[in-house]
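So you can see what is in the structure, the chains are spelled out below.
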Amino acid sequence: MPTIVVSNQKGGVGKTTTCINLAAELGRCGYSVLAVDMDPQANCTSGLGVNASNLSKSLYNVLLGDIPIREAILSTAWEGISLLPSSLDLAGAEIELVAAISRENRLKRSVDAVRDQYDFILIDCPPSLGLLTLNALTAADTVLMPIQCEFYALEGLAQLMNTMTLVQTNLNPALEVEGVLLTMFDSRTNLSVQVAEEVRTHFGSKVYRTVIPRTVRLSEAPSYGQPVIAYD
Ligand code: ATP
Ligand code: MG
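Residues numbered from 1 in each chain as written. Chains lettered and ligands numbered in written order. Predicted model: local features only at pLDDT ≥ 70, side-chain atom pairs only at ≥ 80, totals over all residues. Heavy atoms only, no water.

A. Just the overall build of the chain, in detail. Counting its secondary structure elements, the chain contains 11 helices and 7 strands. Against the compact-globule benchmark of 17 Å for 232 residues, the chain has a radius of gyration of 17 Å, which places it among compact chains. Going through the 232 residues of the chain one by one, you find that 50% of them count as buried. If you take every contact in the chain between residues at least 6 apart in sequence, the share linking residues at least 24 apart comes to 78%. For the chain, the accessible surface area stands at approximately 10,800 Å², while carbon and sulfur atoms represent 52% of it. For the chain, the centre of its 16 positive side-chain charges and the centre of its 24 negative side-chain charges are spaced 2 Å apart. (Helix = DSSP H or I, 4+ residues; strand = E, 2+ residues; numbered from the N terminus. Rg over C-alpha atoms; globule rule 2.2 N^0.38 Å. Buried < 20%, exposed > 50% of the residue type's maximum accessible area, 1.4 Å probe, protein only. Contact = heavy atoms within 4.5 Å. Areas by Shrake-Rupley, 256 points an atom, 1.4 Å probe, with all protein chains shown as cover. Lys, Arg positive; Asp, Glu negative; His and termini not counted. Charge placed at Lys NZ, Arg CZ, Asp CG, Glu CD.)

Right under this line is the structure:
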């Protein structure tokens, strides 16, 4: 029952797209998946077809200790996928939790209560290193790092590796790298090819052989609240 956090402090690299579509495919294969939307932007929530502005209970209430995690988990229209949704007020949790006891452990404690009910728990992170991301990294077994095949890719990754070391030292010694995923690859550009080579030189066997191509279908699907395997 691995808990995998999809993380990269860099914005727009394909974290949410990876989280949604990996969840959908695992669900289609017969696994039960809990998707946790740790980002106040709520892209993972809306991308799975749930309207974040209509929710009376979300991850926010869970992190603040107001409700048990079970009360916030929703079923989705997609086979095998349950969702712990985000909401806009989650941005406030980052500030409200600063003075709270065991503030980095909030998500882990909540998730522990339901961990054995899912084959996979996938956590989508915001593009920052605040308390929300630290909670996600503390709750997880492994980190899946999407890298966009463009110029600043390696800088973002260097930051993430630093963060991982900090988290391993202080919060979650068992945290491991799940894998590095090259996203938005465009075989027609030299840059994509160069970045892919460079990432493989740095991270070797941790880099998946599968590369996600840049395709307009993947970017259209979320506006219909659908994973790409449903949309196209
Ligand atoms: P943020 O840091 O803001 O949370 P993110 O890392 O979650 O961003 P996504 O939202 O998954 O990144 O992707 C950023 C944008 O790129 C989105 O508009 C998404 O639809 C688009 N996108 C992601 N992957 C692909 C792809 N393989 N081909 C084309 N467009 C893509
Ligand atoms: Mg995102």
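From this point, the narrative continues.
B. Local environment of the site of ligand 1. Around ligand 1 sit 17 residues, and of these Lys15, Thr16, Thr17, Pro213 and Thr215 come closest. Gly14 places a polar main-chain atom, nitrogen or oxygen, 3.0 Å from an oxygen atom of ligand 1. In isolation ligand 1 offers 620 Å² of accessible surface; the protein chains occlude 80% of this area. If you map ligand 1 onto the pockets, it falls in the largest pocket. (Near = heavy atom within 4 Å. Polar contact = N/O pair within 3.5 Å; in protein donor to acceptor, adjacent residues only side chain to side chain. 1 Å grid on protein atoms, 1.4 Å probe; cavity = no way out; pocket = protein on both sides within 12 Å on 5 of 7 lines; lining within 4 Å. Sits in = over half its atoms within 2 Å of the grid points.)

C. Local environment of the sheet that holds strand E7 (residues 176–183). As summarised here, the arrangement of the 7 strands in space is E3-E4-E2-E5-E1-E6-E7, forming an open sheet in which the pairing is mixed. With partners counted over all chains shown, the strands left at the sheet margins are strand E3 (74–75) and E7, one partner each. For strand E1 (residues 3–6) and strand E5 (residues 120–124), the ladder comprises 4 bridges, and the chain directions are parallel. Opposite Val5, over in E5, you have Ile123 as the bridge partner. (Pairing = 2+ DSSP bridges.)

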